[in-house]
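Examination of the molecular architecture
So the chains spell out like this:
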Amino acid sequence: MKYKAHDYQQYATDFIIEHPVSCLILDMGLGKTVITLTALWLLLFDYFEVRRILVIAPKRVAETTWPAEIKKWEHLYGMTFAVAMGTAEQRKEALLSGADVTIIGSCILYNLGIVFLCHCSRIGNNRFIVILYDGRIVIGAIKNIFICLLHTICSIGSIITL
């Protein structure tokens, strides 16, 4: 599908690109995911500022929404993704796959182990440069993830929240 950004969407995309820490607050259905993916695509393939992106989202959103959005939009062609869900081996394989975007469910991330995530964020080419937090997650359940991210902030280029 062809993406034609509205003015507010273009503004939000530019904001994400220009600010290493950003928060996008828009109502449902206004394009938060495509705005963010557009900015990330540009950072990956136009600006070459980003290598790996970790998306943390609720289970259903991680399994369906993010992969569907990446496949849906023509301008995102070339962006690879892996969904770190399923068995422990499947999750590990996805995290270490080298995909441009790795999508993980917040409950899976918590169960997988915060220490493993931080370890992955520092492994050579597998280092995550952007951490994207889909704000639909219950914050109380994953506060330890953010404590860990704060400790590894030096190795993470950007944090984006939706």
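Structural notes, computed from the coordinates. Keep in mind the model is a prediction, meaning the values are calculated, not measured. All chains use their own residue numbering, which begins from 1 and follows the written sequence. This being a predicted model, a pLDDT of at least 70 is required before a residue's local features are given, and a value of 80 or more before pairs of side-chain atoms are given or counted; all residues contribute to the totals for chains, interfaces and linings. Hydrogen atoms and water are omitted, and side-chain values are computed over all heavy atoms in the structure.

Quick word on the packing of helix α1 (residues 7–18) against helix α2 (residues 32–45)
Running from N to C, α1 and α2 cross one another at 45 degrees; their axes reach a closest spacing of 9 Å. When the interaxial angle is binned, α1 and α2 end up oblique. The two elements α1 and α2 meet at a crossing, and its hand is right-handed. The residues of α2 that touch α1, namely those facing Q9, A12, T13, I16 and I17, are I35, T36, T38, A39, L42 and L43. Basically, the charged four are Asp, Glu, Lys and Arg, the nonpolar ten are Ala, Val, Leu, Ile, Met, Phe, Trp, Tyr, Cys and Pro, and anything else, Gly included, counts as polar. Across the contact of α1 with α2, the residue classes tally to seven nonpolar, four polar and no charged. Interaxial angle, 0 to 180 degrees, is taken between N-to-C directions of lines fitted to C-alpha atoms, where a helix line uses only the stretch in contact. Helix and strand definitions follow DSSP, with helices as H or I runs of at least four residues and strands as E runs of at least two, each counted in order from the N terminus. Angular relationships are summarised with four words: roughly parallel below 35 degrees, roughly antiparallel beyond 145, roughly perpendicular across 65 to 115, and oblique for the angles in between. Rotating anticlockwise by less than a right angle from the far helix to the near helix defines a left-handed crossing, while the corresponding clockwise rotation defines a right-handed one. Note on contacts: a residue pair qualifies if any of its non-hydrogen atoms lie within 4.5 Å across the two residues.

Digging into the pairing of strand β2 (residues 53–57)
Summary of the burial criterion: residues with accessible area below 20% of their type's maximum are buried, those above 50% are exposed, and those between are partly exposed, where the area comes from a 1.4 Å probe applied to protein chains only. Extensive coverage of β2 is indicated by the burial of five of its five residues. By the alternation rule, side chains of β2 split into I53, V55 and A57 and L54 and I56, which are all buried. We call two strands paired when DSSP finds no fewer than two bridges between them. The pairing of β2 with strand β4 (residues 101–105) spans five bridges and is parallel. Looking across to β4, one finds that L54 is bridged to T102.

Some thoughts on helix α4 (residues 88–95)
Inspection of α4 places R91, A94 and L95 among the buried residues, and these make up the whole buried set. Relative to the axis of α4, the buried residues are bounded by an arc of 100 degrees and lie together on one face. Facing away from the buried side of α4 by over 90 degrees, the exposed positions are E89 and E93. In this description, one arc is meant: the one made by directions from the helix axis to the C-beta atoms.

Nothing here speaks to function; it is all geometry.
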